[in-house]
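Structural overview
Read off the chains here:
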Amino acid sequence: MACETPELRKAFESHLEETKGQVERIERIFEGLDKKPGGMKCKGMEGLLEESEELIQDDPDAAAVLEAGLISSAQRVEHYEIAAYGTAVEWAKVLGRSEAARLLQKTLAEEYQANEGLTRLAAKGINEAAAAGREEAALA
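Owing to the predicted nature of the structure, the values given are computational and were not obtained by experimental measurement.

Turning our attention to the packing of helix α1 (residues 6-32) against helix α3 (residues 63-94). With their axes 13 Å apart at the nearest point, α1 and α3 run at an angle of 20 degrees to one another. It follows that α1 is roughly parallel to α3 by the angle criterion. Judged by the twist between their axes, the crossing of α1 over α3 is left-handed. When α1 is examined against α3, the residues Leu8, Phe12, His15, Gln22 and Ile26 are found in contact with a partner set consisting of Glu67, Leu70, Ile71, Ala74, Glu78, Glu81 and Tyr85.

Rendered as structure tokens:
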């Protein structure tokens, strides 16, 4: 993983595990609908992930700047997911699919928590370290 801060690494790893549970919930929803999840790619999400990859490749040695950028990229992904799950929760309610709405609401809450955790890490010093790293590079 491209980050060195243990708390940030743990946050990313934890959310990856959480995502596996989210996938299981989506599969349960589709089973309840007697449908199979489709393999349609989300071009918006794909673009966000490509931006993250570019960031990692841009300057892999500037750890503090990279970590601040990874947080920014991850938060954009979280916001995208929050919008998608929020919409899906409401659709499930309108369609009378209360179990699906409940499962989707749980995922939505996890996405909000992930975003808030990233904000806390950024404010806890990662952003300041990135700013200091950029200033040092400019002075060199």
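One can find Ser72 in helix α3. Sequence separation between Ser72 and Asn115 is 43 residues; the distance between their C-alpha atoms is 9.9 Å.

Among the nonpolar cores identified, the biggest contains 13 residues, and Leu8, Ile71, Leu118, Leu121 and Ile126 are the most heavily contacted of them. Contributing elements (two or more residues each) for this core: α3 and α4 (98-139). With six residues, the single largest contributor to this core is α3. Setting aside anything within four residues of it in sequence, one finds Leu118 in contact with Leu8, Phe12, Ile71, Ala74, Gln75 and Glu78. Counting ten residues, the second largest nonpolar core, distinct from the first, contains Ile29, Tyr85, Ala92 and Ala101.

All right, on to the confidence of the model for the protein then. Low pLDDT marks regions whose predicted coordinates should not be analysed in detail. Per-residue pLDDT for the protein averages 86, and the proportion of residues at 70 or more is 89%. Summarising per-element confidence for the protein, the mean pLDDT is lowest in helix α2 (residues 43-58) (80) and highest in α1 (94). The low-confidence segment residues 135-140, where pLDDT is below 50, has zero contacts with residues more than four positions distant or belonging to other chains.

Procedures and definitions
Residues numbered from 1 in each chain as written. Predicted model: local features only at pLDDT ≥ 70, side-chain atom pairs only at ≥ 80, totals over all residues. Heavy atoms only, no water. Axes fitted to C-alpha atoms, helices over the stretch in contact; angles between N-to-C directions. Helix = DSSP H or I, 4+ residues; strand = E, 2+ residues; numbered from the N terminus. Parallel < 35°, antiparallel > 145°, perpendicular 65-115°, else oblique. Left-handed = near helix turned anticlockwise from the far one by under 90°. Contact = heavy atoms within 4.5 Å. Core = buried A, V, L, I, M, F, W, Y, C linked by side-chain atoms within 4.5 Å. Buried < 20%, exposed > 50% of the residue type's maximum accessible area, 1.4 Å probe, protein only. pLDDT = per-residue confidence, 0-100.

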